[in-house]
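What follows is the residue order along each chain.
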Amino acid sequence: IAVSHHFLSQYQDLRCSEDVKQSVVVTMGTFQDLVAEKCAEYFERFRRQTFVTPKSYLSFIDGYKIIYSEKIAHVGTLAERMKTGLCKLMEAEQSVSQLSEELVVKEKELAVASQKANEVLQEVTVKAQAAEKVKQQVQKVKDKAQLIVDEIEADKTVAESKLEAAKPALEAAEAALQDSITGEVVELLAPYLDMDDYNMESAKRICGNVAGLCSWTQAMVDFYAINKEVLPLKANLALQEARLVVAQAELAKAQEQLDAKQQELDAVQALYDAAMKEKQDLEDDAQACRRKMSNATALIDGLGGEKVRWTESSAGFQTQIKHLVGDVLLSTGFLSYAGPFNQEYRSLLLRLWKKEMEEKLIPFSPDLNVIGLLVDNATVSEWNLQGLPSDDLSIQNGIVVTKASRYPLLIDPQGQGKTWIQNRERDQQLQVSPQPPIRRRC
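Here the structure is a predicted model, which is why all the values come from computation and not from measurement.

A.B. asks: Which residues make up the packing of aromatic side chains, and what are the values?
C.D. replies: Under the defined criterion, the tally for this structure stands at 13 aromatic pairs. Arranged with centres 6.3 Å apart and planes meeting at 75°, the rings of tyrosine 11 and tyrosine 68 form a pair that is edge-to-face. Of this pair, tyrosine 11 sits in the loop between α1 (2–8) and α2 (18–46) while tyrosine 68 sits in helix α3 (residues 54–176); the two residues are 57 residues apart in sequence, bridging distant segments of the chain. By relative accessible area, which is 0% here, tyrosine 68 ends up buried.

A.B. asks: Explain a nonpolar patch on the surface to me, and be specific about the residues and the numbers.
C.D. replies: Side chains of Val3, Phe7 and Leu58 sit close together on the surface and give an oily, nonpolar patch of about 220 Å² of accessible area. Within the secondary structure, phenylalanine 7 sits in helix α1.

A.B. asks: Before we move on, could you go through the pattern of salt bridges and cite the residues and values that matter?
C.D. replies: This structure, assessed with the given rule, holds 5 salt bridges. Note that aspartate 281 is salt-bridged to lysine 277, the shortest N-O span being 3.0 Å. Of this pair, aspartate 281 and lysine 277 both sit in helix α6 (residues 208–302), separated by 4 residues, roughly a single helical turn. With its nearest N and O atoms 2.5 Å apart, the salt bridge here joins lysine 360 to glutamate 356. The exposure class of glutamate 356 is buried, given its relative accessible area of 13%.

A.B. asks: Give a description of a negative patch on the surface that names residues and reports values.
C.D. replies: A cluster of acidic residues, Asp150, Glu151, Glu153, Asp155, Glu160 and Glu164, forms a negative patch at the surface. Considering the arrangement of structural elements, one finds glutamate 160 in helix α3.

A.B. asks: How would you summarise the side chain of histidine 323 if you had to cite specific residues and measurements?
C.D. replies: Positionally, histidine 323 belongs in helix α7 (residues 304–337). Those residues in contact with histidine 323 that lie beyond four places of it in its chain are Pro363, Phe364 and Ser365.

A.B. asks: Residues and numbers for the environment of methionine 276, please.
C.D. replies: Tracing the backbone shows methionine 276 in helix α6. On the accessibility criterion, methionine 276 (30% relative accessible area) is partly exposed. Counting along the chain gives 155 residues from methionine 276 to leucine 121, while the straight-line C-alpha distance between them is 9.1 Å.

A.B. asks: Summarise the packing of α2 against helix α8 (residues 343–359); cite the residues concerned and give the values.
C.D. replies: A pair of packed helices is captured by two measures, namely the crossing angle of their axes and the spacing between those axes. Relative orientation of the contacting elements α2 and α8 amounts to 150°, with a least axis distance of 11 Å. Here α2 lies roughly antiparallel to α8, going by the angle between them. The hand of the α2/α8 crossing is right-handed. Counted together, Thr27, Thr30, Phe31, Leu34, Val35, Lys38, Glu41, Tyr42, Arg45 and Phe46 of α2 and Glu344, Tyr345, Leu348, Leu349, Leu352, Trp353, Glu356 and Met357 of α8 form the full contact between these two elements. Looking at the contact of α2 with α8 residue by residue, the class counts come to 11 nonpolar, 2 polar and 5 charged.

What counts and how
Residues numbered from 1 in each chain as written. Predicted model: local features only at pLDDT ≥ 70, side-chain atom pairs only at ≥ 80, totals over all residues. Heavy atoms only, no water. Phe/Tyr/Trp six-rings, centres within 6.5 Å; stacked < 30°, edge-to-face > 60°. Helix = DSSP H or I, 4+ residues; strand = E, 2+ residues; numbered from the N terminus. Buried < 20%, exposed > 50% of the residue type's maximum accessible area, 1.4 Å probe, protein only. Patch = residues over 30% accessible without salt bridge, like charges linked within 9 Å, V, L, I, M, F, W, Y side chains within 5 Å. Areas by Shrake-Rupley, 256 points an atom, 1.4 Å probe, with all protein chains shown as cover. Salt bridge = Lys/Arg side-chain N within 4 Å of Asp/Glu carboxyl O. Lys, Arg positive; Asp, Glu negative; His and termini not counted. Charge placed at Lys NZ, Arg CZ, Asp CG, Glu CD. Contact = heavy atoms within 4.5 Å. Axes fitted to C-alpha atoms, helices over the stretch in contact; angles between N-to-C directions. Parallel < 35°, antiparallel > 145°, perpendicular 65-115°, else oblique. Left-handed = near helix turned anticlockwise from the far one by under 90°. Nonpolar A, V, L, I, M, F, W, Y, C, P; charged D, E, K, R; others polar.

In structure tokens, the structure reads:
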């Protein structure tokens with residue numbers, strides 16, 4: 001007991017009360033004594049000598065600390081993972097609750113935004129209809145004014161072309177005259193102008209002074225004819241220009257009214273666009289909230305059964321951690337002492353140890369399977385493939401061979417252990433010494 005107390009007093013990994021720890025210290029010494037008693041009894045019954053030594057006890061204590069540290073780390077990791085999974089589920093449930101509250105608020109905001117958008121839409125519709133009506137009216141005025149402008153432009157173009165054509169003759173007549181002529185004078189001159197010899201050449205032959213008069217009268221008549229056509233063109237051009245100014249003013253006014261209505265319509269449309277954007281943003285936000293809530297709900301529903309199992313497993317891990325102090329004590333005792341005994345005495349030792357632990361109030365699993373604690377099923381299956389028999393005694397022997405801190409001595413008359421070890425260590429290039437006549441050590 002003093003020895004176990006010395007080695008366990010500084011061991012801080014034990015998850016148990018101080019009373020249980022002290023019970024473990026005492027029970028370790030009891031295990032050593034019980035095994036010593038059974039060694040003598042075993043020799044009396046089967047004539048097989050086996051011993052327990054101080055080295056056996058030290059290996060027992062050291063193995064206990066090693067295996068307990070491994071198991072508590074492994075179970076602690078599994079428990080932490082399970083705890084993390086449960087926390088995530090709880091977070092998902094809280095998230096669904098929070099999202100539900102947020103969705104209620106968002107749907108209220110969405111209803112307000114929808115109402116606002118509808119009101120703005122109605123206003124936009126009314127103003128758009130009014131603006132469209134005015135726009136159509138103004139467009140008619142604009143089209144009419146444009147038509148007038150186009151007509152005036154055409155008439156003005158014709159008048160200007162005619163004036164341009166008459167300009168040389170008009171300038172020549174004006175250059176030759178210091179006075180104007182009337183239509184009555186032109187009528188009086190018509191008979192003379194129709195005569196064949198009333199021309200400049202005939203007048204020069206008869207009288208030089210008369211020639212100038214002849215030329216002057218001919219110029220007067222030409223000026224009158226040209227001016228008679230040009231004057232209406234000038235008057236019409238002036239009229240058309242006046243009409244053009246009025247039409248262009250009406251066109252500008254119509255365009256101004258049209259632009260004003262379009263600006264009014266654009267302003268209302270901007271309000272509507274802003275309201276619709278706000279509504280759409282709220283709809284997107286609400287839809288994202290619904291999607292998150294749906295995903296979280298699906299996760300919770302899908303893992304509903306797992307939650308129960310995880311909760312049970314989490315509680316089971318805590319129980320396993322509590323029992324680990326006794327489970328490892330039994331398993332390490334088996335690993336340290338049970339190897340030399342047959343199956344009967346191995347089971348007997350386990351029963352005696354369990355009884356001792358119950359009396360000392362050391363927690364352990366009632367249905368503890370030493371094999372299950374010290375090795376997993378996959379490893380056992382691999383051993384079977386390598387040639388180890390599948391019975392419990394053989395598997396226990398395999399555990400002693402692989403887990404014990406000291407090299408084991410195999411009593412192997414059928415060679416099963418030898419075959420298994422050779423297959424198991426083949427990749428490690430195991431070297432086999434010549435077989436001794438009776439026993440061999442590996």
